[in-house]
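Here is what each chain is made of, one letter per residue.
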Amino acid sequence: MAIQRPKGTKDHLPGTPGTPEIQAAAHAHIQHVAAQLLERAGAQFIATPIFEEAELVQRGVGGSTDIVRKEMFTVYYAGDHGGYVLRPEGTAPVVRAYLENGLKQLGSPLKLWTHGPMFRAENVQKGRLRQFHQVDYECLGSTDPLADAEAIALMWDIVTTLGLKGVSIQLGSIGDPEDRAAYNDYLRGLFTPRLAELSEDSKDRLSRNPMRILDSKSETDQAIIAELNVKPMLDFLGAEARDHFGAVQGHLQAWGVPFEIDPSIVRGLDYYRRTAWELHHAGIGAKSALGGGGRYDGLAQELGAKEEVPGIGWAFGIERILLAMADEGVPFPQGPSPALYLAALDGDYIPLAAALTRQARAVAGADFSYRKRGAGQAFKEADKKGATWAAVIGSNEAAQRQLTLKHLGSGEQVAVPFDELNTFLKENA
Ligand code: AMP
């Protein structure tokens, strides 16, 4: 059998084939909209390697997470120490790059954004891939609740600009480390008598990070959680975290960014502090967030920084956004279609068609046939390429130095001299 792509990966294809996750033009469109809005907000683009030292991910994402324990792709090459992994997320790499390259000197707070493939060896299902694509935003250097609110608002602006209507923001706070310690003590007290009934993963979590039991995918665990009537993390917030959370909400309300308080929000990653949120969409199921984010003031020190570098950031999954767009029937952008398509009726005029096409590309999309074409065939080809205008070039056109452009939608014909072609396309493309 011919070789196929690995399980849990997708090819991004031109044209408009069936499932939304594989439409290359739609991927590019989402990145483009995100880039535009993030850069308007002063976020600068950064790109980091797609593989990193395993220790970065272990420390940055947290040893108790499923990502580190079960889903890492390790990278080997001959004679290698085998210590690299394909990055599963963008935050730890961006913070590593910030620290390693002294990006603090660019100013503080510093807003950064990136996009690209992420890798997790997950159980593959709809919207859950092994290679997926994220857009990430990180704001480093501020604990101000304005940074949190702005991050959330930017995410909201991107998804609404993309045309999505059914998105909700679930907002929570996981407090400061001492609040989490108190909450974890409370959870240990609650779950220890039920230890034997918990799933194997949750037994392990009980000692490492009891909060993560609340995130468990096991139905038995969830039944125990429901039965125990567990208090939410929000009940354990200290005064400072509570004030901070209140201020974030106040800014969002002032800016008209809607949100719902979700007292159960935990997030799977260890370095989060205070604000945490998820973006959901009714059409793609409660368990598949479109994106999520949070404050991670403890991360830089976890990665070896001498001083704390507070940070807040988010990531959304491009494939999940595409599923949500498909669910709502938001039209996908198509790939490029030329404003002009030219073909020569005779081989002698192919160089002229090529030269005019290259001239036209200064102002618009333009393409031409490598072979001579009859008029009927030329217009058919132009139509297939989605061209707006098409023309054929023969001895008459060459002698008069003029094209008869045909509008493929309306059939209208316009005579345009060669030296006015670019002006015409600028106005009529
Ligand atoms: P996380 O880093 O887990 O908070 O993920 C952020 C976002 O990335 C999620 O909300 C999803 O949109 C997307 N994402 C995470 N894991 C996957 C996956 N396995 N397949 C597709 N998208 C994913």
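Residues numbered from 1 in each chain as written. Predicted model: local features only at pLDDT ≥ 70, side-chain atom pairs only at ≥ 80, totals over all residues. Heavy atoms only, no water.

- An unreviewed UniProt entry lists the chain under the name Histidine--tRNA ligase, with Deinococcus piscis given as the organism.
- UniProt, in the comment section headed Subunit (unreviewed entry), describes the chain in these words: "Homodimer."
- Its UniProt record gives the chain the following Catalytic activity (unreviewed entry) comment, quoted word for word: "tRNA(His) + L-histidine + ATP = L-histidyl-tRNA(His) + AMP + diphosphate + H(+)". (UniProt positions renumbered as here; feature names shortened; annotations may be inferred.)

Remarks on the overall build of the chain
- Assigned secondary structure in the chain consists of 15 helices and 16 strands.
- Structurally, the chain occupies a C-alpha span of about 90 × 55 × 45 Å along its principal axes.
- Burial analysis of the chain (429 residues in total) assigns 53% to the buried set.
- For the chain, long-range pairs separated by at least 24 residues make up 69% of all intrachain contacts whose partners lie at least 6 apart in sequence. (Helix = DSSP H or I, 4+ residues; strand = E, 2+ residues; numbered from the N terminus. Buried < 20%, exposed > 50% of the residue type's maximum accessible area, 1.4 Å probe, protein only. Contact = heavy atoms within 4.5 Å.)

So, the sheet that holds strand E2 (residues 51-53)
- Spatially, the three strands line up as an open sheet ordered E2-E4-E3, and their pairing is antiparallel. Here the strands that pair on one side only, and so sit at the sheet edges, are E2 and strand E3 (74-75).
- Summarising the sheet, E3 and strand E4 (residues 84-86) pair through two bridges and their orientation is antiparallel. Within the sheet, the bridge partner assigned to Val-75 lies in E4 and is Tyr-84.
- Against the sheet, helix H2 (residues 54-61) makes contact with E2 and E4, and its axis sits at roughly 80 degrees relative to E2, the strand it touches most. (Pairing = 2+ DSSP bridges. Axes fitted to C-alpha atoms, helices over the stretch in contact; angles between N-to-C directions.)

As for the packing of aromatic side chains
- Considering all chains together, one arrives at nine aromatic pairs under this definition.
- Taking 5.9 Å as the distance between ring centres and 20 degrees as the angle between the ring planes, the aromatic pair formed by Tyr-183 and Tyr-186 counts as stacked. Pair noted here: Tyr-183 and Tyr-186 are both in helix H6 (residues 177-191), with a separation of three residues, about one helical turn.
- Assessed through its relative accessible area of 1%, Tyr-183 is described here as buried.
- Plain terms: the ring middles of Trp-314 and Phe-316 are 5.6 Å apart, the flat faces sit at 15 degrees to each other, and that makes the pair stacked.
- Residue classification places Phe-316 among the buried positions, given a relative accessible area of 0%.
- Through a chain of ring-to-ring contacts, the aromatic side chains of Tyr-137, Trp-314 and Phe-316 assemble into a single cluster.
- Stacked on the ring of Phe-379, the Lys or Arg Lys-406 has its end atom at 4.7 Å from the ring centre. (Phe/Tyr/Trp six-rings, centres within 6.5 Å; stacked < 30°, edge-to-face > 60°. Lys NZ or Arg CZ within 6 Å of the ring centre and 35° of its normal.)

Digging into the sheet that holds strand E7 (residues 167-173)
- Strands sit in the order E1-E5-E6-E11-E10-E9-E7-E8 across an open sheet of eight strands; the sheet is mixed. One side of each edge strand has no neighbouring strand; the edge strands of this open sheet are strand E1 (44-45) and strand E8 (260-261).
- Where E7 and strand E9 (residues 273-281) come together, seven bridges link them in antiparallel fashion. In the sheet register, Ser-168 faces E9, and the bridge partner there is His-280.
- Taken strand by strand, helix H4 (residues 91-100) contacts strand E5 (110-119) and strand E6 (131-140), and its axis lies near 45 degrees from that of E6.
- Packed onto the sheet, helix H11 (residues 318-328) meets E6, E9 and strand E11 (311-317) and runs at close to 55 degrees relative to E11.

What to know about the site of the ligand
- Near the ligand, the surroundings consist of 14 residues, among which Arg-120, Glu-122, Leu-129, Gln-134 and Leu-290 are the closest.
- Here Glu-122 contributes a side-chain N or O atom positioned 2.8 Å from a nitrogen atom of the ligand.
- Contact distances for the ligand include 2.8 Å between an oxygen atom and a backbone N or O atom of Leu-290.
- Relative to its unbound accessible surface of 480 Å², the ligand loses 89% to contact with the protein. (Near = heavy atom within 4 Å. Polar contact = N/O pair within 3.5 Å; in protein donor to acceptor, adjacent residues only side chain to side chain. Areas by Shrake-Rupley, 256 points an atom, 1.4 Å probe, with all protein chains shown as cover.)

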